[in-house]
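Listed here are the chains, written in short residue letters.
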Amino acid sequence: MGSLTFITSSLLLFFFFFLLSPPTTIRADDPYRFFTWKVTYGDIWPAGVKQQGILINGMFPGPQIDAVTNDNLIINVFNYLPEPFLISWNGLYQRRNSWQDGVLGTNCPIPPGKNFTYVLQVKDQIGSYFYFPSVAFHKAAGGFGGIRIFSRPMIPVPFPPPAGDYTLLVGDWYKAHHGSLKWMLDNGQKLPFPDALLINGRGWNGNTFTVDQGKTYRFRISNVGLENCINIRFQGHLMKLVEVEGSHTLQNMYSSLDVCLGQSMSVLVTANQPPRDYYIATSTRFSKPVITTTSILHYSNSWSSPVGPVPGGPTDQIGFGINQARSIRWNLTASGPRPNPQGSYHYGMVKTTRTIRLANSAAWINGKQRYAVNGVSFYQPDTPLKLADYYKIPVFQPGSMPDSPSYGSGYMQTSVMAANFRDYVEIVFENYEDTVQSWHIDGYSFWVVGMDGGQWTWASRNNYNLRDAVNRVTLQVFPRSWTAIYMPLDNVGMWNVRSENWARQYLGQQFYLRVYSPANSWRDENPIPKNALLCGWARGRRTRPL
Ligand SMILES: *[C@@H]1O[C@H](CO)[C@@H](O)[C@H](O)[C@H]1NC(C)=O
Ligand SMILES: *[C@@H]1O[C@H](CO)[C@@H](O)[C@H](O)[C@H]1NC(C)=O
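Just so you know, these numbers come straight off a predicted model, no measurement behind them.

Draft legend 1. Representation of the overall build of the protein. Of the regular secondary structure elements, the protein holds five helices and 34 strands. In terms of C-alpha radius of gyration, the protein reaches 23 Å, essentially the compact-globule figure of 24 Å for 546 residues. Oriented by its inertia axes, the alpha-carbon framework of the protein measures out at about 90 × 55 × 55 Å. When the 546 residues of the protein are sorted by exposure, 58% land in the buried category. A sequence separation of at least 24 residues applies to 78% of the contacts in the protein between residues at least 6 apart.

Here is the structure:
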């Protein structure tokens with residue numbers, strides 16, 4: 001009798017704790033950082049002509065977010081544009097929290113004159129990332145900025161503190177208004193080649209980075225562009241690669257580095273050359289024509305400008321790129337966000353439970369240029385899929401995204417791939433086109449276990465790197481090549497899988513991965529935020545019971 005009471009009361013306690021207690025969306029013990037962002041249109045001159053740019057607190061690019069592992073970021077975004085607006089986070093994992101992802105499949109855009117407060121925790125994360133505007137081709141007008149997540153003070157970092165920590169947001173740029181670019185895409189046209197390449201929103205020699213002779217500096221390079229991979233060189237200096245999207249890498253030296261769309265990496269550069277100024281040169285990669293831009297690396301004791309020529313980038317098409325990408329490996333003894341060695345998790349020993357093959361294609365649908373994944377060109381309904389899922393509004397079918405390529409002509413669909421929480425998947429990205437591809441998966445990082453030219457086969461697995469492949473959030477697939485990843489599905493939610501080529505993303509080369517747990521527990525996924533904006537068929541619903 002007594003023990004039965006005990007069991008009943010512990011069951012009650014269990015229910016009380018896990019079902020009735022208020023959800024903890026943010027952890028009280030970790031610090032908070034508050035941001036208030038005002039988004040406006042303003043005049044900018046990045047490529048020599050006046051353009052309408054998107055400013056955040058008057059800035060182009062937007063302000064940098066600096067955080068420490070596990071910080072809570074409370075970012076209140078006020079939209080002063082005359083149209084809907086939304087910001088997304090390239091590379092923040094947002095554990096259990098796809099509610100804050102800021103893409104049209106998870107969030108309603110912020111209406112003009114309204115605001116939305118993002119509540120994010122950078123749980124168990126370090127490294128270099130960026131944020132960007134995710135709707136209406138706004139990315140072509142600015143609204144992006146850098147994100148740096150520093151290690152906590154007690155966690156060892158595998159290199160001495162640098163004398164400076166600079167962010168280089170590199171990206172191709174159009175002189176055309178972003179609305180005209182959007183109009184072209186909406187009308188089924190391809191975009192022309194971009195007009196310029198920018199570093200931190202400026203063209204030729206528009207930035208100066210000052211260094212003291214003999215000291216070492218960290219440069220965080222992100223490709224925030226729309227169409228092109230870039231390559232970067234520091235004239236007369238080598239770059240020591242130390243971090244790629246949250247992973248400390250083997251510290252190899254490079255004279256030039258490819259950074260594809262959406263990718264971020266940190267290099268250390270030591271000012272060990274005769275005191276003068278040098279070019280930091282960056283150019284588009286795998287493109288015809290090649291466009292180049294420069295910034296100045298200025299020695300504080302220098303009296304002379306850079307001496308030409310501007311160092312050129314690699315010109316071969318694939319071999320150099322694949323070899324370099326494969327040389328980027330995980331340092332198994334360096335710490336990550338936690339002190340335990342990264343290598344203690346043997347990603348290569350875990351058996352995968354599912355193989356997904358994804359092929360990109362250019363499709364011509366209803367007389368318009370579209371892009372597709374496995375033959376499906378994503379169609380965005382008015383109701384964000386995450387909200388539709390929550391309110392059980394039937395705007396999509398889980399399983400509407402096939403697991404392997406189809407070779408017919410493309411079709412439009414609100415494509416959602418169904419996946420189980422805790423599955424361990426192998427995803428092979430197959431590129432049968434002549435252009436380099438860049439893919440990003442929100443809410444996740446993954447190991448890039450293999451890449452090669454030609455067609456992937458079962459035998460390709462024999463050459464996977466199952467030991468020290470880099471763990472990152474954005475991958476490239478070279479022309480007529482493949483790239484394979486391993487990814488543990490440890491984050492419940494509705495996650496965007498997309499091309500980082502912005503015209504392709506806009507015209508359908510994306511879908512959503514619905515990682516589902518039948519437990520339906522707050523331990524696996526946060527409840528809907530109280531302040532969630534509701535639109536489409538979700539308009540007028542409640543985020544909390546009466
Ligand atoms: C808008 O900002 C106010 C504070 O100025 C805040 O209380 C409110 O929650 C914000 N709205 C949303 C939807 O986050
Ligand atoms: C890996 O990290 C360790 C310790 O953090 C460092 O001492 C070592 O030099 C790094 N190894 C390489 C090859 O970069």
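Draft legend 2. Spatial organisation of the sheet that holds strand β5 (residues 87-90). In spatial order, the strands read β3-β8-β7-β5; together these four strands make up an open sheet with mixed pairing. Strands at the two margins of the open sheet, each flanked by one partner only, are β3 (65-68) and β5. This sheet shows a mean twist of 25 degrees between the axes of neighbouring strands, independent of strand direction. As paired strands, β3 and strand β8 (residues 145-150) are joined by four bridges and run parallel to one another. Each residue of the ladder has a partner; that of Asp-66, found in β8, is Arg-148.

Draft legend 3. Structural detail: the domain arrangement of the protein. In terms of domain boundaries, the protein breaks down into domain 1 (2-150), domain 2 (164-327) and domain 3 (347-538). For domain 2 versus domain 3, the separation of C-alpha centres amounts to 28 Å. If you look at the interface, domain 2 gives 28 residues, while domain 3 gives 26 residues. On inspection of domain 2 and its partner domain 3, the count reaches two salt bridges. Asp-452 is paired through a salt bridge with Arg-326; the nearest N and O atoms lie 3.2 Å apart. Linking domain 2 with domain 3 are 14 residue pairs in polar contact (both at pLDDT 80 or more). Put simply, the parts of the chain that give the side of domain 2 that touches domain 3 at least two residues each are α2 (178-186), β18 (264-270) and α3 (319-327). Here the side of domain 2 that touches domain 3 gets four residues from one element, more than from any other, and that element is α3.

Draft legend 4. Representation of the nonpolar core. Membership of the largest hydrophobic core comes to 35 residues, with the highest contact counts inside it found for Leu-358, Ile-427, Phe-429, Ile-441, Ile-485 and Met-487. Not counting residues within four places of it along the chain, the set of residues in contact with Leu-358 comprises Val-373, Asn-374, Met-401, Met-417, Ile-427, Val-428, Phe-429, Glu-430 and Phe-511. Of all hydrophobic cores here, the second largest spans 29 residues; its members include Val-77, Ile-110, Tyr-118 and Val-473.

Draft legend 5. Quick peek at the sheet that holds strand β24 (residues 397-398). An order of β24-β26-β34-β33-β28-β31 is seen for the six strands of this open sheet, with the pairing classed as mixed. Edge positions in the sheet fall to β24 and β31 (474-477), since each of these pairs with one other strand and no more. With two bridges joining them, β24 and strand β26 (residues 415-420) adopt parallel strand pairing. Counted as the bridge partner of Gln-397 is Ser-415 from β26.

Draft legend 6. Layout of the pattern of salt bridges. Per the counting criterion, the structure on display carries 23 salt bridges. Here Arg-148 makes a salt bridge to Asp-66, at a shortest N to O gap of 2.7 Å. With Arg-148 in strand β8 and Asp-66 in strand β3, this residue pair connects regions lying 82 residues apart in the sequence. Residue classification places Arg-148 among the buried residues on the basis of a relative accessible area of 12%. Overall, the relative accessible area of 28% leaves Asp-66 in the partly exposed class. In this structure, Asp-490 and Arg-95 form a salt bridge, with 3.5 Å as the shortest nitrogen-oxygen distance. Here the residue Asp-490 occupies a position in the loop between β32 (481-488) and β33 (493-499), and Arg-95 occupies one in the loop between β5 and β6 (115-121), the gap between them amounting to 395 residues. Residue Arg-95 is classed as partly exposed on the basis of its relative accessible area of 28%.

Draft legend 7. Geometry of the site of ligand 1. Neighbouring residues of ligand 1: Asn-76, Phe-78, Asn-115, Phe-116, Thr-117 and Asn-531. Within the side chain of Asn-115, an N or O atom sits 2.3 Å from an oxygen atom of ligand 1. Here an oxygen atom of ligand 1 sits 2.9 Å away from a polar atom, N or O, in the side chain of Asn-531. Here ligand 1 loses 52% of its free accessible area of 360 Å² to cover by the protein chains. Elements with a minimum of two residues in the shell around ligand 1: β4 (72-79) and β6.

Draft legend 8. Spotlight on the site of ligand 2. Every residue near ligand 2 is listed here: Pro-158, Leu-250, Gln-251, Asn-331, Thr-333 and Ala-334. Separating an oxygen atom of ligand 2 from a backbone N or O atom of Gln-251 is a distance of 2.9 Å. At 2.3 Å, a side-chain N or O of Asn-331 approaches an oxygen atom of ligand 2. With the chains in place, 50% of the 370 Å² that ligand 2 exposes on its own is no longer accessible. In terms of residue class, the shell around ligand 2 is built from three nonpolar, three polar and no charged.

Draft legend 9. How the structure looks around α3. Looking only at α3, the buried set comprises Gly-321, Ile-322, Gln-324 and Ala-325. Down the axis, α3 shows its buried residues gathered within 165 degrees of arc, on one side only. In this structure, the buried side of α3 is in contact with β16 (253-254), β17 (257-259), β29 (446-453), β31 and β32.

Draft legend 10. Up close: α2. Those residues of α2 not exposed but buried are His-178, Leu-181, Met-184 and Leu-185. The buried residues of α2 all sit within an arc of 120 degrees when viewed along its axis, so they share a single face.

Draft legend 11. Structural view of the state of the cysteines. Taken as a whole and assessed by the stated rule, the structure comprises two disulfides. What pairs with Cys-229 in a disulfide is Cys-260, and their sulfur atoms sit 2.0 Å apart. Handedness of the Cys-229-Cys-260 disulfide follows from its S-S torsion of about 95 degrees: it is right-handed. On the criterion of sequence distance, the pair formed by Cys-229 in the loop between β12 (216-223) and β13 (230-234) and Cys-260 in the loop between β17 and β18 is long-range, its members being 31 residues apart.

What counts as what
Residues numbered from 1 in each chain as written. Chains lettered and ligands numbered in written order. Predicted model: local features only at pLDDT ≥ 70, side-chain atom pairs only at ≥ 80, totals over all residues. Heavy atoms only, no water. Helix = DSSP H or I, 4+ residues; strand = E, 2+ residues; numbered from the N terminus. Rg over C-alpha atoms; globule rule 2.2 N^0.38 Å. Buried < 20%, exposed > 50% of the residue type's maximum accessible area, 1.4 Å probe, protein only. Contact = heavy atoms within 4.5 Å. Pairing = 2+ DSSP bridges. Axes fitted to C-alpha atoms, helices over the stretch in contact; angles between N-to-C directions. Domains from an automatic or database assignment. Salt bridge = Lys/Arg side-chain N within 4 Å of Asp/Glu carboxyl O. Polar contact = N/O pair within 3.5 Å; in protein donor to acceptor, adjacent residues only side chain to side chain. Core = buried A, V, L, I, M, F, W, Y, C linked by side-chain atoms within 4.5 Å. Near = heavy atom within 4 Å. Areas by Shrake-Rupley, 256 points an atom, 1.4 Å probe, with all protein chains shown as cover. Nonpolar A, V, L, I, M, F, W, Y, C, P; charged D, E, K, R; others polar. Arc of directions from axis to C-beta. Disulfide = S-S within 2.5 Å.

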